[in-house]
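# Residue-level structural notes
The residues making up each chain are set out below.
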Amino acid sequence: MSKVGNYISEAFEELRTNTTWPEWAEVQRLTIVVAVFSVLFALATWGVDETFSKAIAGFFNLIKN
């Protein structure tokens, strides 16, 4: 169990001393970029889903009649 504790301790030390963290302004900018692309991707996925749903419904209505 001491190996796990040692690993966690070393991981935190690495994060504290050897990691270069971005500036707050860059974090905010990148967060906005990720949010915008997430919304765009969700809208694109919704659009493709709606298109295929209507196409499949039309296909089955064509076969049914």
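How each quantity is defined
Every chain begins its residue count from 1, and numbering advances along the sequence as written. Restriction of local features to residues with pLDDT of at least 70 applies here, the model being predicted, together with a cutoff of 80 or more for giving and counting side-chain atom pairs; totals for whole chains, interfaces and linings are based on all residues. To get the side-chain values, all heavy atoms of the structure are used, and hydrogens and water are removed first. Secondary structure is summarised from DSSP: a helix means a run of H or I of at least four residues, a strand means a run of E of at least two, and numbering begins at the N terminus for each. Only the C-alpha atoms count toward the radius of gyration. The rule for a globule is 2.2 Å times the residue count to the power 0.38. Accessibility here uses a 1.4 Å probe with only protein chains present; expressed as a share of the type maximum, an area under 20% marks a residue as buried, one over 50% as exposed, and anything in between as partly exposed. In these tables, accessible area is a Shrake-Rupley quantity obtained with a 1.4 Å probe, and a residue counts as shielded only by the protein chains included in the view. As used throughout, the charge tally considers Lys and Arg to be positive and Asp and Glu to be negative, leaving His and the chain termini uncounted. Charge positions come from single atoms, namely NZ of Lys, CZ of Arg, CG of Asp or CD of Glu. We define a salt bridge as a contact between a side-chain nitrogen of Lys or Arg and a carboxyl oxygen of Asp or Glu at a distance within 4 Å. Nonpolar side chains (Val, Leu, Ile, Met, Phe, Trp, Tyr) within 5 Å and like charges within 9 Å form the patches, drawn only from residues with over 30% relative accessible area and no salt bridge.

Right, let's talk about the overall build of the protein chain for a bit. The helix and strand tally for the protein chain stands at two helices and zero strands. In terms of overall dimensions, the protein chain is more spread out than a globule: its C-alpha atoms have a radius of gyration of 25 Å, far above the 11 Å expected for 65 residues. Projected onto the principal axes, the alpha-carbon positions of the protein chain cover approximately 70 × 40 × 10 Å. Residues counted as buried form 0% of the 65 residues belonging to the protein chain. Approximately 6,300 Å² of the protein chain is accessible, and the part contributed by carbon and sulfur atoms is 69%. Across the protein chain, the centroid of the 5 positively charged side chains sits 11 Å from that of the 7 negatively charged ones.

A few words on the pattern of salt bridges. Inspection of every chain in the model, using the stated rule, returns one salt bridge. Note that R16 and E13 form a salt bridge whose closest N and O atoms lie 3.0 Å from each other. With R16 and E13 both in helix α1 (residues 2-17), this residue pair falls three residues apart, about one helical turn.

A few words on a nonpolar patch on the surface. Together, L30, I32, V33, V36, F37, V39, L40, L43 and W46 give the surface a local cluster of nonpolar side chains, amounting to about 900 Å² of exposed area. Note on placement: V39 falls in helix α2 (residues 24-64). According to the relative accessible area criterion, V39 is partly exposed, its value standing at 49%.

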